[in-house]
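Spelled out, the chains give:
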Amino acid sequence: MRTASAVRRYRDEPVSDEVIEMCLRAASWAPSGGNQQPWKFVVLRSDSLRDVITAAAVKTWEIMTDFYRLSMPDDRADDPKSRVLRTMAEHMSVGGAAPVLVLFCVEPQRGTSELQQGGSIFPAVQNFLLAARAQGLGAAITLWHGSCEDQLRSMVGIPSDWKIATLLTVGWPKGGHHAVRRKSLKEVAAIDRWDRPWSTAQE
């Protein structure tokens, strides 16, 4: 878990069906509301679907750069922000040409909110991510489907009452895995009250 960071750059090397099946099986072991398992994991392989995803990724990047007023850093810049921006730009320009694409969909259950519905699909996403990391793969969560949802639904045949939760890109990483950077527990955990930070004798 400590080294299961988002990986957006992949080697041009295929990922076997056996490896992907292990990740899909791990996803299917996740908990869900009432153990109803209201999910479908769709591996996108056809060139036509990949082209749609690539166009959506490029469009998403254009929207992001405009909204956040992003400008590409100089190639020589080596600070964390510059490296992340270059990696994101490459990820979205590659888009649907990533080695593996997996769509995660969820069927809303009666009486559940959007947040509660997420509780019945994102544990499966996390299981997939951890299984991928355990096998040396890298993966990243994307929301590119938001820029092509109608077309994607039609081409894949997704029922109108189902929701698309996320699209994962997966592959063998260019470079190694790195430890995640996270806030301290004092900032994100509390005891009894919101303003009483978690603390231990070791801190």
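Conventions and cut-offs
Residues numbered from 1 in each chain as written. Predicted model: local features only at pLDDT ≥ 70, side-chain atom pairs only at ≥ 80, totals over all residues. Heavy atoms only, no water. Helix = DSSP H or I, 4+ residues; strand = E, 2+ residues; numbered from the N terminus. Rg over C-alpha atoms; globule rule 2.2 N^0.38 Å. Phe/Tyr/Trp six-rings, centres within 6.5 Å; stacked < 30°, edge-to-face > 60°. Buried < 20%, exposed > 50% of the residue type's maximum accessible area, 1.4 Å probe, protein only. Expected span 1.5 Å × (residues − 1). Arc of directions from axis to C-beta. Contact = heavy atoms within 4.5 Å. Axes fitted to C-alpha atoms, helices over the stretch in contact; angles between N-to-C directions. Nonpolar A, V, L, I, M, F, W, Y, C, P; charged D, E, K, R; others polar. Pairing = 2+ DSSP bridges.

- An unreviewed UniProt entry lists the protein under the name Nitroreductase, with Mycobacterium paraseoulense given as the organism.

1. Comments concerning the overall build of the protein
- Helix and strand counts for the protein stand at seven helices and four strands.
- Helices and strands in the protein line up, N terminus first, as α-β-α-α-β-α-α-β-α-β-α.
- For 203 residues, the compact-globule estimate of 2.2 N^0.38 gives 17 Å, and the protein sits close to it at 19 Å.
- Across its three principal directions, the C-alpha atoms of the protein cover 55 × 50 × 35 Å.

2. Considering the packing of aromatic side chains
- Counted under the stated rule, the structure contains four aromatic pairs.
- Summarising the aromatic geometry, the rings of phenylalanine 41 and phenylalanine 104 are spaced 5.1 Å apart at their centres and angled 50° between planes, so their arrangement reads as tilted. Here phenylalanine 104 lies in strand 2 (residues 100–106) and phenylalanine 41 lies in strand 1 (residues 39–43), a separation of 63 residues in the sequence.
- In this structure phenylalanine 104 comes out as buried when scored by relative accessible area, which is 0%.
- A ring pair is formed by phenylalanine 104 and phenylalanine 128, whose centres lie 5.7 Å apart and whose planes are at 90°; its orientation type is edge-to-face. Within this pair, whereas phenylalanine 104 is found in strand 2, its partner phenylalanine 128 is found in helix 5 (residues 122–134), the two being separated by 24 residues in sequence. Each member of the pair phenylalanine 104 and phenylalanine 128 is classed as buried.

3. Quick notes on helix 1 (residues 17–28)
- Here helix 1 contains twelve residues, and its C-alpha end-to-end distance of 16 Å stays within 8% of the 16 Å for a straight helix at 1.5 Å per residue.
- Of all the residues in helix 1, the buried ones are Val19, Ile20, Cys23, Ala26 and Ala27. Summarising the axial view, the buried residues of helix 1 lie within an arc of 120°, below the 170-degree limit, and thus occupy one face. Across helix 1 from its buried face, at more than 90 degrees, point the exposed residues Glu18 and Met22.
- The inward-facing, buried residues of helix 1 contact strand 1, strand 2 and helix 5.

4. Concerning the packing of helix 2 (residues 47–67) against helix 3 (residues 80–94)
- Packing of helix 2 against helix 3 leaves a shortest axis separation of 7 Å and a crossing angle of 145°. Touching Thr54, Ala57, Val58, Thr60, Trp61 and Met64 of helix 2 are Leu85, Met88, Ala89, Met92, Ser93 and Val94, all from helix 3.
- Classifying every residue of the contact of helix 2 with helix 3 gives nine nonpolar, three polar and no charged.

5. Some details on the environment of cysteine 23
- Looking at where cysteine 23 falls in the secondary structure, it is placed in helix 1.
- Residues cysteine 23 and serine 5, 18 residues apart in the sequence, show an inter-C-alpha distance of 16 Å.
- Not counting the four nearest positions on each side in its chain, cysteine 23 is found in contact with Phe128, Ala131, Ala132, Gln135 and Leu137.

6. With respect to the sheet that holds strand 3 (residues 138–142)
- An order of 1-2-4-3 is seen for the four strands of this open sheet, with the pairing classed as antiparallel. The sheet terminates laterally at strand 1 and strand 3, the two strands that pair on one side only. Each strand of the sheet is rotated relative to its neighbour by a mean of 25°, with strand direction disregarded.
- With seven bridges connecting them, strand 2 and strand 4 (residues 163–171) associate as antiparallel partners.

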